[in-house]
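# Structural characterization, general
Here is what each chain is made of, one letter per residue.
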Amino acid sequence: MAERDIVAAIQRLLKKTPNCFSWKEHGGMYGTAGIPDIIACIRGRFVAFEVKTETGKLSRLQEATLGWIRDAGGKAYMVRSAAEVAAIIKEMEVAG
């Protein structure tokens, strides 16, 4: 599955998630390099998802950015499917 298809599936999932606001970050010359693909606020928590295919790997900048988000108190994940995002959301519900 192409990365754009995984992103679209995750966006559909987040659209159905209660108390969730999210958007797809679009790179380009005016964007900030390394920003995760999808940014969300889920039940008041900042969550970022860097989407990769089954064989995709994080760049050093992407790894660092996910770490900086975590250091700032946000949640940041590298994900490969909407099912993985659903599991993360479910775990967030359990953790409170």
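Report on the accompanying structure. (Residues numbered from 1 in each chain as written. Predicted model: local features only at pLDDT ≥ 70, side-chain atom pairs only at ≥ 80, totals over all residues. Heavy atoms only, no water.)

## Observations concerning the nonpolar core
As a reminder of what qualifies: Residues enter a nonpolar core if they are buried and are Ala, Val, Leu, Ile, Met, Phe, Trp, Tyr or Cys, with the set joined through side-chain atoms within 4.5 Å. Per-residue accessibility, obtained with a 1.4 Å probe over protein chains only, is compared with the maximum for each type, and a residue is labelled buried under 20%, exposed over 50%, and partly exposed between these values. Each helix corresponds to a stretch of at least 4 residues labelled H or I by DSSP, and each strand to a stretch of at least 2 residues labelled E; elements are numbered beginning at the N terminus. Only heavy atoms matter for contacts: two residues are in contact if any of them lie within 4.5 Å across the pair.
In terms of nonpolar packing, the biggest core is built from 17 residues, with Ile 10, Leu 14 and Phe 49 touching the most fellow members. Only helix H1 (3-16), strand S2 (38-42), strand S3 (45-51) and helix H3 (82-95) provide two or more residues apiece to this core. Setting aside anything within four residues of it in sequence, one finds Phe 49 in contact with Leu 14, Pro 36, Asp 37, Ile 38, Tyr 77, Val 79, Val 85 and Ile 88. Residues Ile 39, Leu 66, Ile 69 and Ala 76 belong to the second largest nonpolar core, which totals five residues.

## So, the pairing of S2
Here is the rule: Paired strands, in this sense, are two strands between which DSSP finds at least two bridges.
Taking burial as the measure, the five residues of S2 include four buried ones, the bulk of the element. Both strand S1 (residues 20-24) and S2 contribute to a ladder of five bridges, which runs antiparallel. Residue pairing in the sheet places Ser 22 in a bridge with Ala 40 of S2. Sheet analysis places S2 next to S3, joined by five bridges and oriented antiparallel. Bridge pairing in S3 links Ile 39 to Ala 48. The turn linking S2 back onto S3 is made up of two residues, and Arg 43 within it adopts a positive phi angle of 50°.

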